[in-house]
Amino acid sequence: MSPYRIFRMLLLRWHRRIGVVAALFVVVLVVTGIAINHSDDWGLDKKPLKQAWLLKHYGIPSPVLRSFPLNESLNSGAWLSQLGDGLYLAETQIGSCGSPLLGVVVLPETIAVLCAGRLQLFTPAGEKLDDISESLGLPRGAEALALDGEAVLLRTPAGVIAFDPRSFMFSAMSVEGVTWAAPALAPPTIQRSLLDQYRGSGLSWERLLLDLHSGRLFGSVGVYIMDLAAIALLLIALSGVWVWLSKPGRWKRPS
Amino acid sequence: MAISHYKMPTRRSGLMPAAVIFGVLLVLQCMTTPLVQAASAGQYLTVDEFLDLGFGDDAKPESKVFWLTPALKARIKAIRGKDFPLLRVRYWQQDLRTAWILEEIGKEMPITIGVVVDSGGAISSVTQVEILAFRESRGWEVRHSFFTEQFRGAALAERDVLSQHIDGITGATLSVRAVKQVALIALLLADAVQASADTSAAE
């Protein structure tokens with residue numbers, strides 16, 4: 001057997017072997033490639049990823065939801081919650097708070113929201129009226145809120161301090177038996193809606209497909225594997241063309 | 001014989017003194033940096049201290065609230081480049097002098113800035129700017145009087161800009177911008193308060 005023929009047979013054997021190995025990658029590349037091409041049409045660029053394990057893989061932790069009921073009925077929609085840095089009135093984001101939510105009380109026409117180092121006042125519709133930081137007079141270390149008539153009570157390391165939202169005055173007072181606002185578990189519908197909103201601002205399915213297509217989903221190793229798969233496809237194409245061209249008798253003219 | 005007593009001159013490297021000086025400077029840098037940072041970011045003035053500076057120790061300025069109109073919010077938005085987050089602003093007033101304490105983001109954290117405006121003249125002008133609190137690691141130089149003194153006498157010019165040039169500070173561009181924005185907003189608000197008072201008086 002001539003060396004040329006041996007080389008051709010060897011090429012054919014490796015063409016098949018590489019083809020089998022590359023088949024899996026071809027499926028992944030074809031499926032993700034078509035989906036990426038049509039991500040606008042199919043809404044994949046706006047559809048959020050909700051799978052906790054995938055979000056965890058991307059380093060997005062599940063946020064802590066902290067909610068306070070705005071009235072006695074715990075099943076009503078009147079809840080004020082914090083998820084990540086966002087403050088939500090029911091299911092609508094009304095502001096932000098970079099520190100933990102510590103208490104919420106409802107005054108006539110005003111909702112007082114205490115985060116660590118910050119007291120914010122909102123209208124019942126969720127528009128922000130005031131934002132009082134410790135630099136603007138909020139007593140240091142305020143850690144809980146309660147309502148006493150039309151005054152807001154703040155629990156601080158130095159004792160109870162009353163805040164008059166009309167005069168913006170803080171004054172120490174001695175009271176006992178105060179019922180401080182306590183967090184509670186918001187209804188599942190609100191929890192789901194807020195988590196969906198939070199995740200919606202994070203990752204889309206299009207991002208996942210792009211990372212799967214490029215191999216980045218599996219880190220730098222995945223990128224190299226996809227590079228090898230691309231080279232394998234190139235070798236299959238070249239070897240296939242060579243085998244086809246070098247088929248014995250291909251270029252013989254019919255006599 | 002002379003040769004046996006001859007000592008080869010040792011070749012002194014110029015690198016050694018340089019290395020010693022560099023080491024000393026490095027140690028000094030490490031020792032002083034935390035002190036500089038501790039002295040830079042933080043709370044410089046309380047609200048009461050600022051009001052004492054703005055109105056005098058014996059003054060008792062009245063605490064008031066000004067509700068923003070949509071037109072005013074639009075002008076403030078044009079200055080800030082984004083919406084003003086509050087529906088109303090608290091201020092202090094004594095006669096024709098008002099004090100405003102506003103927070104504006106420098107780079108990432110809010111800077112608490114106090115501005116005193118005197119509306120006694122033909123036009124309102126700034127009499128005092130103070131930084132009450134600074135929370136970032138860079139740009140705290142805006143607290144110094146060499147910078148804040150530049151605002152004295154500044155008024156609102158056409159197109160809502162300051163009537164006088166304010167020199168910037170290298171490395172504190174965003175903080176300088178925040179202080180200038182707050183000074184402009186305080187002037188706008190003081191004018192609005194004055195206009196509101198004039199309207200009430202006319203009625």
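Residues numbered from 1 in each chain as written. Chains lettered and ligands numbered in written order. Predicted model: local features only at pLDDT ≥ 70, side-chain atom pairs only at ≥ 80, totals over all residues.

The name recorded for chain A in an unreviewed UniProt entry is PepSY domain-containing protein, from Zhongshania antarctica.

Notes on the UniProt feature "transmembrane region" (unreviewed entry) in chain A
Selection rule: UniProt positions are given in the numbering used here, feature names are shortened, and annotations may be inferred rather than shown by experiment. Secondary structure elements follow DSSP: runs of H or I of four or more residues count as helices, runs of E of two or more count as strands, with numbering from the N terminus.
UniProt marks residues 221-245 of chain A with the feature "transmembrane region" (unreviewed entry), using the numbering shown here. Taken end to end, residues 221-245 of chain A is 100% helix and 0% strand, and its first and last C-alpha atoms sit 36 Å apart.

A short note on the sheet that holds strand β5 (residues 101-107) of chain A
Residues and elements named next belong to chain A. As a reminder, the rule being used: When DSSP finds two or more bridges between a pair of strands, those strands are recorded as paired. Note on geometry: axes are C-alpha line fits, over the in-contact stretch for helices, and angles between N-to-C directions span 0 to 180 degrees.
The antiparallel open sheet is built from four strands, whose spatial order is β5-β6-β7-β8. At either end of the open sheet lies a strand with only one pairing partner, and these are β5 and β8 (128-133). Within the sheet, the average angular offset between the axes of one strand and its neighbour, ignoring direction, is 15°. Of the pairings in the sheet, the one linking strand β7 (residues 118-122) to β8 comprises five bridges and is antiparallel in character. The residue bridging Phe122 from the neighbouring strand is Lys128, located in β8.

Focus: the interface of chain A and chain B
Condition: In this description, any two residues whose backbone-derived C-beta atoms lie within 7 Å of each other are considered to be in contact. Any residue outside Ala, Val, Leu, Ile, Met, Phe, Trp, Tyr, Cys, Pro, Asp, Glu, Lys and Arg is labelled polar, Gly included; the first ten of those are nonpolar and the last four are charged.
The interface of chain A with chain B comprises 11 residues on the first partner and 13 residues on the second. Looking at side-chain class alone, the side of chain A that touches chain B contains three nonpolar, four polar and four charged residues.

Here's the deal with the packing of helix α1 (residues 3-37) of chain A against helix α6 (residues 219-245) of chain A
Residues and elements named next belong to chain A. The criterion, for reference: Crossing handedness is defined as follows: a turn of the near helix away from the far one that is anticlockwise and smaller than a right angle gives a left-handed crossing, while the clockwise case is right-handed.
With their axes 9 Å apart at the nearest point, α1 and α6 run at an angle of 145° to one another. The handedness of the crossing between α1 and α6 is left-handed. Across the interface between the two elements, Arg8, Leu11, Leu12, Trp14, His15, Ile18, Gly19, Val21, Ala22 and Phe25 of α1 pack against Ala229, Ala232, Leu233, Leu235, Ile236, Ser239, Gly240, Trp242 and Val243 of α6. Within the contact of α1 with α6, the residues separate by chemical class into 14 nonpolar, four polar and one charged.

Concerning the nonpolar core
Filter applied, for reference: As used throughout, a nonpolar core is a set of buried Ala, Val, Leu, Ile, Met, Phe, Trp, Tyr and Cys residues joined through C-beta atoms within 7 Å of each other. Counting other C-beta atoms within 10 Å of its own, a residue is labelled buried from 20 upward, exposed at 12 or fewer, and partly exposed in the gap between, with every C-beta atom placed from the backbone.
Residues Ala112(A), Leu145(A), Val115(B), Ala183(B) and Ala186(B) are the most contacted members of the largest nonpolar core, which totals 76 residues. Sorting elements by how many residues they give to this core places helix α6 (residues 173-202) of chain B first, with 13 residues. Apart from residues no more than four positions distant in its own chain, Ala112(A) is found in contact with Val104(A), Val105(A), Leu107(A), Leu119(A), Leu121(A), Leu145(A), Val152(A) and Pro165(A).

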